[in-house]
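Given next are the chains, with one letter for each unit.
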Amino acid sequence: GAANPGCPVPAVRIDQFNAEPLDVLTLDARPSQGAVRYRWTVLVRPDGSTSEPAESHANQTPDDPATPAAEFFVDLAGEYTLALEVEAADGTTSPGPGCPAEARVEVIAVPTQAIHLQLVWHTPDDPDETDDQGSDMDIHLRHPTAAAWSVAPLDCYYANKTPDWGPAGLAGDPSLDIDDLDGAGPENINIDRPEATAPLGGPYRLAVHVWSLVPQGLGSPWGPSTATVRVYYSGELVREVERELVTKNDLWEVARLHWGAAAADRRVELVGTVEVHDPSGF
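Since this is a predicted model, take the numbers as computed values, not measurements.

Looking now at the overall build of the chain. Helix and strand counts for the chain come out as 0 helices and 19 strands. Across the 282 residues that make up the chain, the buried fraction comes to 48%. The contacts in the chain between residues at least 6 apart in sequence include a share of 64% that link residues at least 24 apart. As displayed, the chain has an accessible area near 13000 Å², and 50% of this comes from carbon and sulfur atoms.

Following this line, the structure appears as structure tokens:
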């Protein structure tokens, strides 16, 4: 409805973003009228997303409601809705009692890479999965010719984030873009131009390794944690699978990724086995 006299009016400069995961967007409330404070809330987000509006994403400073702009880090592929609440000098808020005007920002995040792999995890016994204490899981992607997990250069993981793989230059190399150490994730690995796997004798292999279920090595374990893995081919979510993991050094081989020049030669073969893997043995 229309704003009443005396109500501040929330408004945004851009109300819809087409983005990619890992983008940092600028939320701009300068078109608002009669406002001295600006508060952003994430109403809708992909499952596993933990990002919040910030004054500076790079500096990890919380949003300052006295400024009309904020930054929002797109941590996962999917759809987001953010709401803006503004406050006048006399404390009147919109939207609020008698002030129905509202402003929202929609974000649609689609990965552009040929292969986009995403890991998030949820630990029910962790009281705050956004703080700096939490369980640590790691995503791994093995090259088709790799002989073992956690061995560079043919396993892309936290200790080998940007290995040199395929013949296509950087576009053929995987990249681990986020390594989360303290609960919930996300982590992701991308390849712009995967190699055709059939001539290499086998597929890429995707796994999740439990590094720690203990908060930063302190105290008792949080307990079981449920990992969710999503596989995107050319921007489309083709597989989403989850599994509860309960023991340090569990290695869950999630899937084998077949890739070819033709769409018919691209498929995800779910595996689902769990083995014990101690990377300190390498």
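Below, the discussion takes up the confidence of the model for the chain. Regions with low pLDDT should not have their predicted coordinates read in detail. Per-residue pLDDT for the chain has a mean of 89; in total, 89% of the residues score no lower than 70. Confidence scores differ between elements of the chain, with strand S13 (residues 175-178) showing the lowest mean pLDDT of 86 and strand S3 (residues 37-44) the highest of 98.

The pairing of strands in a sheet happens through backbone hydrogen bonds and is either parallel or antiparallel. Within the open sheet, the 5 strands sit side by side as S12-S11-S15-S18-S19. Their pairing is antiparallel. With one partner strand each, in any of the chains shown, strand S12 (155-156) and strand S19 (267-276) form the two edges of the open sheet. When strand S11 (residues 136-142) meets S12, the two strands line up antiparallel, connected through 2 bridges. Of the residues in S12, the one forming a bridge with Leu 141 is Cys 156.

Right, let's get into the nonpolar core. Core analysis: the largest hydrophobic core is formed by 29 residues, its most contacted members being Leu 117, Met 137, Leu 141, Val 208 and Leu 257. When contributions to this core are tallied by element, the ones reaching two or more residues are strand S10 (115-122), S11, strand S14 (187-191), strand S15 (204-212), strand S16 (225-233) and strand S18 (250-258). Ranked by size, the runner-up nonpolar core spans 23 residues in total, among them Ala 35, Leu 82, Ala 103 and Val 120.

Turning our attention to the pattern of salt bridges. This structure, assessed with the given rule, holds 10 salt bridges. Ionic contacts of the salt-bridge type, sharing partners, join the residues Arg 13, Asp 28 and Arg 30 into one network.

Let's shift gears to the sheet that holds S10. One open sheet accounts for 5 strands, arranged S13-S14-S10-S16-S17; its pairing is antiparallel. Where the open sheet ends on each side, the last strands, each with one partner, are S13 and strand S17 (236-245). When strand polarity is set aside, the average angle formed by the axes of neighbouring strands in this sheet is 20°. Two strands pair when backbone bridges link them, and S10 and S14 are joined in this way by 5 bridges, in the antiparallel orientation. Residue pairing in the sheet places His 116 in a bridge with Asn 190 of S14.

When you line up the elements, His 140 lands in strand S11. By relative accessible area, His 140 is classed as buried at 1%. Sequence separation of His 140 and Leu 176 is 36 residues, and the distance between their C-alpha atoms is 8.9 Å. Leaving out residues up to four positions away in the same chain, His 140 has contacts with Trp 149, Ser 150, Asp 155, Cys 156, Tyr 157, Ile 189, Arg 205, Leu 206, Ala 207 and His 209. Engagement of the side chain of His 140 in a polar contact is seen with the side chain of Asp 155, the distance being 2.7 Å.

Cut-off values and rules
- Residues numbered from 1 in each chain as written.
- Predicted model: local features only at pLDDT ≥ 70, side-chain atom pairs only at ≥ 80, totals over all residues.
- Heavy atoms only, no water.
- Helix = DSSP H or I, 4+ residues; strand = E, 2+ residues; numbered from the N terminus.
- Buried < 20%, exposed > 50% of the residue type's maximum accessible area, 1.4 Å probe, protein only.
- Contact = heavy atoms within 4.5 Å.
- Areas by Shrake-Rupley, 256 points an atom, 1.4 Å probe, with all protein chains shown as cover.
- pLDDT = per-residue confidence, 0-100.
- Pairing = 2+ DSSP bridges.
- Core = buried A, V, L, I, M, F, W, Y, C linked by side-chain atoms within 4.5 Å.
- Salt bridge = Lys/Arg side-chain N within 4 Å of Asp/Glu carboxyl O.
- Axes fitted to C-alpha atoms, helices over the stretch in contact; angles between N-to-C directions.
- Polar contact = N/O pair within 3.5 Å; in protein donor to acceptor, adjacent residues only side chain to side chain.

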